[in-house]
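The lines below spell out each chain.
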Amino acid sequence: MVSNTEINANDAENKIYRNTIGPVKEFTSVRWAQTACFVLIAIMNLSAWIDLQGLFVEIPLIIPHTPEGWTLPSIAAICICAANIVPAIVVILRWWQGKKFSEIPYIYLIIIVGVIACFVLALFWQRTIFIFGRERSIWLLSCIFILSMLDCTSSLVFFDYMKRFRAQYLQAAFLGEALTSAIPTILILAQGVAGETICIQTGNSTIFEPTYTQPRFSVRIFMFCIAGIIVASLIAFILLRWTNIVTLADAADVDERKKIKSNTDIVHEESEPMVTIVKSQTSSKSTKTMSKRVFRLLLVINTINSTIAYGCLPSLSTYALLPFGQTAFYYWSVTIPIAYPLSLILSLFWKSVSTNMIIFQSIFNAFLSALIFIIAKQSPCPWLADTTQGALMIITIWFIMSFISGILRIAIGNRIKSEWIDEKGMFYYGATVQLGLLLGTIPIYFLINVFNLFIDRQPCQTYCIS
């Protein structure tokens, strides 16, 4: 017979074990779940813009095989501009449906259609169709337009999805965005320095015709790699939605946890010490709130920043860089994508940026952007054309501008997520990104393709003879 005293002693030992050793093991599993959740969010956000980012870094290889030539970047920009009709529809649906609106179906649609479009682009990007009196890259432009619709919409729904998570997981979303430019850069480095112009004299004439060096692997293989990355994003999103990784990591925001708690009752009395530990380490709600005036000001600055960085300047890249040589354009396409990841690294240490600092950074960024605009307007013979010093100058200016744009984008997003009390804040944040892109691409397209205010530099021709 076992005495009641021994039974009570065993129960006491078991309770002590549950309240000490048990929480330690659970804490370790929670830390692992938090890391896994962070990584999955970053991978999911890779599908946001990686396809178009990949296309833009491949432009030096694509342009020699397209009838559009160096006007392709501005045409792609207007495709992105026209694609903003879809985000506009999503904004209307968000307003009309209110709390019934769910971003989940849109995320599935964006990722799945993105995979299909990348595969189609990889197979048919070189095909042209004779239409409106000339050959046109209909397959390429159609895929750019489809991907633009998806990526522009992702700026809305992906950030809207982040309202379900604690504030610190917004860094994972920014990390995914940063990698959308860094990964294509790594791939293009693996391709090797290609697209470099070699001028060959035709017969006995003084006319030179351009030929281009070949990469280690083709544009088709490059786009297949991009499609594979988007497939990984789909898998990451499925894991976030259909496993209990978010619950284990206690990554859900306060309102989202209330919804989960109302549907499932998984909290036991034995785990109360662990819940206390997790809450103390993952609490993300800021006691500081943002006024409507500051909220609107940050949205305006975000719109202006997006107008410059994502709307105006990408279409001017060939005009600002080719006067310094195609090698300068190549190194620009390799170095600029590094700026955003560096901005993200800085934001990990500079977590709170004041409103006055944001205003100062936006003014300085506008000044750098004006310099780039002036240099592009002076094409084909800007300051220090055809010199190494000129190439270093334009790449440095553009890199600093991109770096500050990244800081502004991340700082504004973090402030809105942590200080603005309305759950629609991140949705409006994403909407201003697309609004800025729209406001930038339309006037630049007309300045380039209608009013012909910018003159591009053709390969193997002599310019700037003093």
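Residues numbered from 1 in each chain as written. Predicted model: local features only at pLDDT ≥ 70, side-chain atom pairs only at ≥ 80, totals over all residues. Heavy atoms only, no water.

As recorded in an unreviewed UniProt entry, the chain goes by Riboflavin transporter and comes from Adineta steineri. On record in UniProt, under Sequence similarities (unreviewed entry), the comment for the chain is "Belongs to the riboflavin transporter family." Listed under Function (unreviewed entry) in UniProt, the entry text for the chain is "Plasma membrane transporter mediating the uptake by cells of the water soluble vitamin B2/riboflavin that plays a key role in biochemical oxidation-reduction reactions of the carbohydrate, lipid, and amino acid metabolism." (UniProt positions renumbered as here; feature names shortened; annotations may be inferred.)

1. Side note on the overall build of the chain
Assigned secondary structure in the chain consists of 20 helices and four strands. Residues classed as buried in the chain amount to 49% of the 466 residues present. Counted over contacts in the chain with a minimum sequence separation of 6, partners at least 24 positions apart contribute 84%. Summed over all atoms, the accessible surface of the chain reaches about 22,600 Å², with 66% contributed by carbon and sulfur. (Helix = DSSP H or I, 4+ residues; strand = E, 2+ residues; numbered from the N terminus. Buried < 20%, exposed > 50% of the residue type's maximum accessible area, 1.4 Å probe, protein only. Contact = heavy atoms within 4.5 Å. Areas by Shrake-Rupley, 256 points an atom, 1.4 Å probe, with all protein chains shown as cover.)

2. Thoughts on the nonpolar core
One finds C37 and W398 to be the most contacted residues of the largest nonpolar core, which totals 124 residues. Counting only domains with at least three residues in this core, you end up with domain 1 (32–253) and domain 2 (289–465). Non-local contacts of W398, meaning those with residues more than four positions away in its chain, are made with L313, L316, S317, A320, L321, W332, I336 and I372. (Core = buried A, V, L, I, M, F, W, Y, C linked by side-chain atoms within 4.5 Å. Domains from an automatic or database assignment.)

3. Concerning the packing of helix α3 (residues 50–57) against helix α9 (residues 170–191)
α9 packs onto α3 with a crossing angle of 40° between their chain directions and a minimal axis gap of 9 Å. By the criterion of interaxial angle, the relationship of α3 to α9 is oblique. As for how α3 packs across α9, the hand of that crossing is right-handed. Contacts between α3 and α9 pair I50, Q53, G54 and V57 from the former with T180, S181, I183, P184 and I188 from the latter. Class assignment for the residues of the contact of α3 with α9 results in five nonpolar, four polar and no charged. (Axes fitted to C-alpha atoms, helices over the stretch in contact; angles between N-to-C directions. Parallel < 35°, antiparallel > 145°, perpendicular 65-115°, else oblique. Left-handed = near helix turned anticlockwise from the far one by under 90°. Nonpolar A, V, L, I, M, F, W, Y, C, P; charged D, E, K, R; others polar.)

4. A few points about the packing of aromatic side chains
Tallied over the entire structure, the rule returns 20 aromatic pairs. Ring centres of F119 and F224 lie 5.5 Å apart, and the angle between their planes is 45°; on these two criteria the pair is classed as tilted. Of this pair, F119 sits in helix α7 (residues 104–124) while F224 sits in helix α10 (residues 219–242), and the two are 105 residues apart along the sequence. By relative accessible area, F119 is classed as partly exposed at 36%. With a relative accessible area of 28%, F224 lands in the partly exposed category. Both rings, one in F329 and one in W332, keep their centres 5.4 Å apart while their planes meet at 40°; by these two values the pair is tilted. Taken as a pair, F329 and W332 lie in helix α16 (residues 326–335) at a separation of three residues, close to a single helical turn. W332 shares its class with F329; the two are buried. (Phe/Tyr/Trp six-rings, centres within 6.5 Å; stacked < 30°, edge-to-face > 60°.)

5. Side note on helix α14 (residues 292–312)
One full turn of an α-helix is made of 3.6 residues, so residues set three or four places apart face in the same direction. In this model, α14 (21 residues) spans 29 Å end to end at C-alpha, consistent with the 30 Å of a helix rising 1.5 Å per residue. At S306, α14 is bent by approximately 30°, the largest bend along its length. (Expected span 1.5 Å × (residues − 1). Bend = angle between axes of the 7 residues up to and from the residue.)

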